Amino acid sequence: MDGTPGLGEVSLGEVSAPGRVAGPDEGISTAELALATRNHGLPLEALAHDTSPPGLHYVLVHYDIPATDPDVWRLDLDGHVDHPLSLDLAALRARPAVTHRVTLECAGNGRARLTPRPVSQPWLAEAVGTADWTGVPLAALLAEAGPRAGAVEAVFTGADHGVERGVEQDYRRSLPLGQAADPDRGVLVAYAMNGAPLPPQHGHPLRLVVPGWYGMASVKWLRSVTVTDTPFTGFQQAVAYRYRGVTEDPDDPGEPVTLIAPRALMIPPGFPDFMTRARVVRPGPVPLAGRAWSGHGPVVRVELSADGEQSWTDAEVTADPDRPWAWAAWRAGWTATPGTYLLSVRATDATGRTQPLTAPWNRGGFGNNLVQRVEVHCLAE
Ligand SMILES: Nc1nc2c(c(=O)[nH]1)N[C@H]1C(S)=C(S)[C@@H](COP(=O)(O)O)O[C@H]1N2
Ligand SMILES: [Mo]
């Protein structure tokens, strides 16, 4: 591991897009380690919980977690609307509340498995979590504000501020108005997670939750919603979060990162080796279980391979039709005999999208939903 000093990476005023790709023998730097300790993943054994307890749910924060005061917090809805709103938390809580169980996943999940490796938060596969989010449907608030003719997007601004690849900014993202204002898309202005006020790291006191989209859309510490009559071209929309570099064209604007690609993950079987995290099991039946999700539609199939992807068998999938945005549970049986195995698991959704056996590369390291491969050692009798 080399010791790249973090400060050397800040170059105010100079935009370098897209991000850097690691050299052939370049290990993870101290700067990336610093990101990885702040932005923790879901310990995969926590896939056993239907909803992820806060503290185990993954966290991704671009800048600092702001210190927020719920007593003075306001959400402003303005821009291209007839009736701008400015609401405190009491006003939001007084409105009809809904709760959605939503699986969030970071678009960079799987990035550290890419070659060459995009230099950024080095996720393996653990940047996921599921929570019951309670709040006010964004559609209801937008209907109250009354978008004017010609409105095209809603832009969401968080209270956090930083500099990224030379660009000083508030964290800001947009959604097409058609989706933001569609009650069936389930977009929420949430003030509670698993029945309690949002924890600081998950957006206290208010966040957006956009079901089915990669996590970057779910703006935390939400302070304003601005309806616009032109598409938003801010950094997190037009520069970051693009599938770029898939072609050789250096000026490739890329495709926007939007919905979550299908993925299945397994509760690590048996018990771990401390240092390598390889799994150890005893001979005999080993119950295998986990979760699977997709932002494109329900997961209809989960397959398991225990022979290095020579053959696949179907797992049993249980999805709750009343919770279309939450992960499904899967289980399968496996009988271990002494030896070393690679267990692979892959999900397919109702649109036919599935997980690849080789990682799909792009410069930002987004949407790498490579099948999960878990090394398992079965002890002798
Ligand atoms: N204001 C703000 N919102 C944000 C972010 C951020 O840095 N600032 N990170 C985004 C990204 S990239 C992800 S993956 C999710 C992570 O949400 P979580 O930490 O609650 O799991 O928050 C999103 N919302
Ligand atoms: Mo993310």
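Residues numbered from 1 in each chain as written. Chains lettered and ligands numbered in written order. Predicted model: local features only at pLDDT ≥ 70, side-chain atom pairs only at ≥ 80, totals over all residues. Heavy atoms only, no water.

**Considerations on the pairing of strand E5 (residues 153–164)**
Argument step 1. When you tally the buried positions in E5, you get nine out of 12 residues, the bulk of the element.
Argument step 2. Alignment of E5 against strand E6 (residues 167–176), held across nine bridges, turns out to be antiparallel. If you follow Ala-154 over to E6, its bridge partner there is Leu-175.
Argument step 3. Where E5 folds back on E6, the antiparallel hairpin that results is connected by two residues, among which Arg-165 adopts a positive phi of roughly 45°. (Buried < 20%, exposed > 50% of the residue type's maximum accessible area, 1.4 Å probe, protein only. Helix = DSSP H or I, 4+ residues; strand = E, 2+ residues; numbered from the N terminus. Pairing = 2+ DSSP bridges.)

**Notes on the sheet that holds strand E21 (residues 339–349)**
Argument step 1. Sheet architecture is open: six strands sit in the order E14-E15-E22-E21-E17-E18, paired in mixed fashion. Pairing within the sheet leaves two strands with one partner each, and these edge strands are strand E14 (271–272) and strand E18 (313–314).
Argument step 2. Two strands pair when backbone bridges link them, and strand E17 (residues 299–305) and E21 are joined in this way by six bridges, in the antiparallel orientation. Its bridge partner being in E21, Val-302 is matched across the sheet by Ala-347.

**Structural notes on the domain arrangement of the protein**
Argument step 1. Each assigned domain of the protein is listed with its residue range as follows: domain 1 (18–256) and domain 2 (263–378).
Argument step 2. Between domain 1 and domain 2, the C-alpha centre-to-centre distance is 26 Å.
Argument step 3. Carbon and sulfur atoms make up 61% of the surface buried where domain 1 meets domain 2, a total of about 2900 Å² over both sides.
Argument step 4. On the domain 1 side of the interface with domain 2, the three residues burying the most area are Leu-47, Arg-101 and Leu-114, jointly 22% of the side's total.
Argument step 5. There are two salt bridges connecting domain 1 and domain 2.
Argument step 6. The salt bridge partner of Arg-263 is Glu-105, with a shortest N-O separation of 2.7 Å. (Domains from an automatic or database assignment. Buried area = accessible area lost by both parts, 1.4 Å probe. Salt bridge = Lys/Arg side-chain N within 4 Å of Asp/Glu carboxyl O.)

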